[in-house]
Amino acid sequence: MPWNPFKKKNAAPELDPLRDLTLSGLKPGYLLDYDLKTWKVTAQNRYNIDGDSIDEWQLSSGSEVRYLEREEDDTVSWTLSRKVPLANVDTGLQAHLKENDDPPKSISFEGTEYEGESTAAGKFYKDGEGSGQEFIVWDYVDASGDLSLTLEQWGEDEYETSVGESVEEYQFSNILPSE
């Protein structure tokens, strides 16, 4: 290759807006639009549940925080969720967990009935790194299969709940890098 005196040395590769700015390629600092709001990617985490890897991006818009998860089985599926205090889901849920070591088979929240779908153990990798933190997860879905409720146990008696909905890639737009 001939010498080019105008070529920049060690220049960072440029982003290809048609190939690189996809939902799967989100990184902390990126911006994107969803549901008439602009969201900023504030964290990128990974879960390993029974050998399956799930990517998670934390999105913030003002004081709102959502979690976008990408799971690939035979196809790619996306879920957008929000954390909900355990007491808001069911005031007796914590007592039920202590007495039975497992949650009930169904949970009602905000007028929707969720049925238990699966239980698994896994590891959470903050920022996709480290040795991971172990947890147990119970997944629930509504009759349509579009709404979900997730209960996670961290350690002996720390629980987190979240509710979510299935989303499609086309619902997100204007993905922009941080700088």
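Residues numbered from 1 in each chain as written. Predicted model: local features only at pLDDT ≥ 70, side-chain atom pairs only at ≥ 80, totals over all residues. Heavy atoms only, no water.

Trainee: Whenever I open this one, a negative patch on the surface confuses me. Can you help?
Mentor: A surface patch of negative charge is lined by Asp50, Asp52, Glu71, Asp73 and Asp74. Inspection of the secondary structure assignment puts Asp50 in the loop between strand S2 (37-49) and strand S3 (52-61). (Patch = residues over 30% accessible without salt bridge, like charges linked within 9 Å, V, L, I, M, F, W, Y side chains within 5 Å. Areas by Shrake-Rupley, 256 points an atom, 1.4 Å probe, with all protein chains shown as cover. Salt bridge = Lys/Arg side-chain N within 4 Å of Asp/Glu carboxyl O. Lys, Arg positive; Asp, Glu negative; His and termini not counted. Charge placed at Lys NZ, Arg CZ, Asp CG, Glu CD. Helix = DSSP H or I, 4+ residues; strand = E, 2+ residues; numbered from the N terminus.)

Trainee: What is the right way to read unusual backbone geometry from this model?
Mentor: Outside of glycine, negative phi angles account for most residues, and trans bonds account for most peptide bonds. A positive phi angle is found at Asp35, which is not glycine, with a value near 55°. By secondary structure assignment, the location of Asp35 is in the loop between strand S1 (31-34) and S2. On the basis of relative accessibility, which here comes to 57%, the residue Asp35 falls in the exposed class. One non-glycine residue, Asp50, lies in positive phi territory at about 50°. (Buried < 20%, exposed > 50% of the residue type's maximum accessible area, 1.4 Å probe, protein only.)

Trainee: How do you make sense of the nonpolar core when you look at a structure like this?
Mentor: Across soluble globular proteins, nonpolar side chains show a tendency to be buried alongside one another. One finds Leu23, Leu26, Leu32, Leu59 and Leu68 to be the most contacted residues of the largest nonpolar core, which totals 16 residues. Counting residues in each nonpolar core, the second largest holds 14 residues, with Leu97, Leu149, Tyr159 and Val163 among its members. (Core = buried A, V, L, I, M, F, W, Y, C linked by side-chain atoms within 4.5 Å.)

Trainee: Explain the pattern of salt bridges here, please?
Mentor: Opposite charge on two side chains allows them to pair when their charged atoms are near. Enumeration according to the criterion identifies 5 salt bridges in this entry. Put simply, Arg70 and Glu72 hold a salt bridge, and the shortest N to O gap is 3.2 Å. Its salt-bridge partner being Lys83, residue Glu160 comes within 3.0 Å of it at the nearest N-O pair. Here Glu160 is found in strand S10 (residues 158-167), whereas its partner Lys83 is found in strand S5 (residues 76-84), with 77 residues between them in sequence.

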